[in-house]
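# Fold and contact review
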Amino acid sequence: MSSPESGDPAEQAGLLPVVAPQLRALRRRASLTLEAAARAAGLSPAHLSRLETGRRQPSLPMLLALARIYGTTVSELLGETVTERDAVVRAFDMEPTAAGGWTYWQAGSPGRGMQALRVHVPHGSQGDIVRVHPGEEWLYVLKGRLRLHLGDTTHRLAPGDSAHFDSLTPHRIAAQDPGGVELLFVHTLLQSPTATLCLGPTTGETP
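Residues numbered from 1 in each chain as written. Predicted model: local features only at pLDDT ≥ 70, side-chain atom pairs only at ≥ 80, totals over all residues. Heavy atoms only, no water.

### Topic: the sheet that holds strand S4 (residues 136-143)
Which entries qualify depends on this criterion: Strand pairing is defined by DSSP finding a minimum of two bridges between the two strands. Only DSSP runs of H or I reaching four residues or more are called helices, and only runs of E reaching two or more are called strands; each is numbered from the N terminus. Between N-to-C directions, angles cover 0 to 180 degrees, with each direction set by a line fitted to C-alpha atoms, over the stretch in contact for helices.
Sheet architecture is open: 6 strands sit in the order S1-S2-S3-S9-S4-S7, paired in antiparallel fashion. With one partner strand each, in any of the chains shown, strand S1 (97-99) and strand S7 (162-166) form the two edges of the open sheet. Neighbour-to-neighbour, the strand axes of this sheet turn through a mean angle of 25 degrees, independent of strand direction. Of the strand pairs in this sheet, S4 and strand S9 (residues 181-187) are connected by 6 bridges, and their pairing is antiparallel. Looking across to S9, one finds that Tyr-140 is bridged to Leu-184.

Here it is, written out as structure tokens:
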């Protein structure tokens, strides 16, 4: 796989005038210095500076890396108009979706830097799936008891308990009670299908 600083220049005409100022504006919005953003993206500060001043054209891997670091989407980096999102999600708009035995409700606006879900995990469903992927997760137990495996440690969470962890730590989630467990769940991985967040990759699969 190419590093973010090499290969695949996005040479489409007309991108440079839009992308360069957007890159700088979104970095500043994220309160990142040029050096910090470049380090996180695997670029040199000089290379990122050339991207921000329009002297270099970003590759697609660069755009993906920078979008995640700045908490936005590639569309916004390219200057595309973002549809106004409602700040409030009403209960009657939360349609349940089932995947792999889990039921989940979208509890936040799509396309944000965080994805918020309400999730019901039945007893015995997907408890053997190990998840490993970029990002952070936060969960809060609403009802029932949860068994959370983080690396080599097992935690048992009751209603009112929460957990916040790096998703690169191998983790498994299982309901401890026959009635299952209901969670509030927030994830920072951008643009991931909700079902993928719930089910995750099985052991041995590429996340």
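After that view, the rundown keeps rolling.
### What to know about the pattern of salt bridges
Note the cut-off: We define a salt bridge as a side-chain nitrogen of Lys or Arg found within 4 Å of a carboxyl oxygen belonging to Asp or Glu. Burial classification: accessible surface area is computed with a 1.4 Å probe over protein chains only, and a residue below 20% of its type maximum counts as buried, one above 50% as exposed, and the rest as partly exposed.
Scanning all chains against the criterion turns up 4 salt bridges. With its nearest N and O atoms 2.6 Å apart, the salt bridge here joins Glu-52 to Arg-27. On the criterion of sequence distance, the pair formed by Glu-52 in helix H3 (residues 45-52) and Arg-27 in helix H1 (residues 15-29) is long-range, its members being 25 residues apart. Note that Arg-145 is salt-bridged to Asp-177, the shortest N-O span being 2.7 Å. Taken as a pair, Arg-145 in the loop between S4 and strand S5 (146-150) and Asp-177 in the loop between strand S8 (171-175) and S9 lie far apart in primary sequence, 32 residues in all. Here Arg-145 falls in the partly exposed class, since its relative accessible area comes to 39%. For Asp-177, a relative accessible area of 17% gives the class buried. Connected through salt bridges with shared partners, the residues Arg-24, Arg-27 and Glu-52 form a single ionic network.

### Regarding the sheet that holds S5
Here we have 3 strands laid out as an open sheet, ordered S6-S5-S8, and antiparallel in their pairing. Of all strands in the sheet, those bounded by a partner on one side alone are strand S6 (153-157) and S8. For this sheet the average axis-to-axis angle between neighbouring strands, irrespective of direction, equals 20 degrees. Relative to S8, S5 runs antiparallel, the two sharing 5 bridges. Along S8, the bridge assignment pairs His-149 with Arg-172.

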